[in-house]
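Here's the letter readout for the chains.
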Amino acid sequence: MVLSLRSQYASIALLRGEKAVETHPPRPDVSSNARVAQILQQLADRNVKQRDVALQLNVPTQYLSDLKHGRRVVTEQFARRFAEMYGISTAWLLGASSS
């Protein structure tokens, strides 16, 4: 019987009498990522390339792609630069409700 690495750690913890605790990387804030994706799409609709946005923000193009697809977390520092560059609210970008 072959156990996954996660299962092996859980088994070892149980043998030691410890509670097995699964850890997961932090999930990106979906609303922040969705809002970045929304702005990037609006820019793309105006023929602004993601590569050009990345150059303006001094970040790799892959970073924007990762944000857009929820593979990275929108940081406060990035949100401030992005919001300042495109005239939007940092609070809104970070997920604050509009009401």
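Residues numbered from 1 in each chain as written. Predicted model: local features only at pLDDT ≥ 70, side-chain atom pairs only at ≥ 80, totals over all residues. Heavy atoms only, no water.

Enquirer: Would you explain the confidence of the model for the protein in this entry?
Expert: Reading fine detail from the predicted coordinates is not recommended where pLDDT is low. Per-residue pLDDT for the protein has a mean of 79; in total, 67% of the residues score no lower than 70. Mean pLDDT in the protein bottoms out at helix α1 (residues 5–15), which sits at 52, and peaks at helix α3 (residues 50–57), which reaches 95. (pLDDT = per-residue confidence, 0-100. Helix = DSSP H or I, 4+ residues; strand = E, 2+ residues; numbered from the N terminus.)

Enquirer: Can you help me understand α3 in this one?
Expert: Because each turn of an α-helix spans 3.6 residues, side chains separated by three or four positions end up pointing in the same direction. All of the buried residues in α3 are V53, A54 and L57. Viewed along the axis of α3, the buried residues span an arc of 100 degrees, placing them on a single side of the element. (Buried < 20%, exposed > 50% of the residue type's maximum accessible area, 1.4 Å probe, protein only. Arc of directions from axis to C-beta.)

Enquirer: How should I be thinking about the nonpolar core in this particular structure?
Expert: Generally speaking, a soluble globular protein has its nonpolar side chains buried in company with each other. With 16 residues, the main nonpolar core has V36, L64, F78 and F82 as its most contacted residues. Where this core is concerned, the elements lending two or more residues are α2 (30–45), α3, α4 (61–68) and α5 (76–86). Examining the composition of this core, we find that 4 residues originate from one element, α2, more than from any other. Excluding its chain neighbours within four sequence positions, the residues that come into contact with L64 are L40, Q50, V53, A54, L57, V59 and F78. (Core = buried A, V, L, I, M, F, W, Y, C linked by side-chain atoms within 4.5 Å. Contact = heavy atoms within 4.5 Å.)

Enquirer: Would you mind going over unusual backbone geometry with me for this structure?
Expert: With glycine set apart, most residues show a phi of negative sign, and most peptide bonds adopt trans. Positive phi, close to 65 degrees, is recorded for N47, a residue that is not glycine. By secondary structure assignment, the location of N47 is in the loop between α2 and α3. For N47, a relative accessible area of 69% gives the class exposed. The residue N58 is not glycine, and still its phi comes out positive at about 60 degrees. Mapped onto the elements, N58 comes out in the loop between α3 and α4. The class for N58 is exposed, based on a relative accessible area of 69%.

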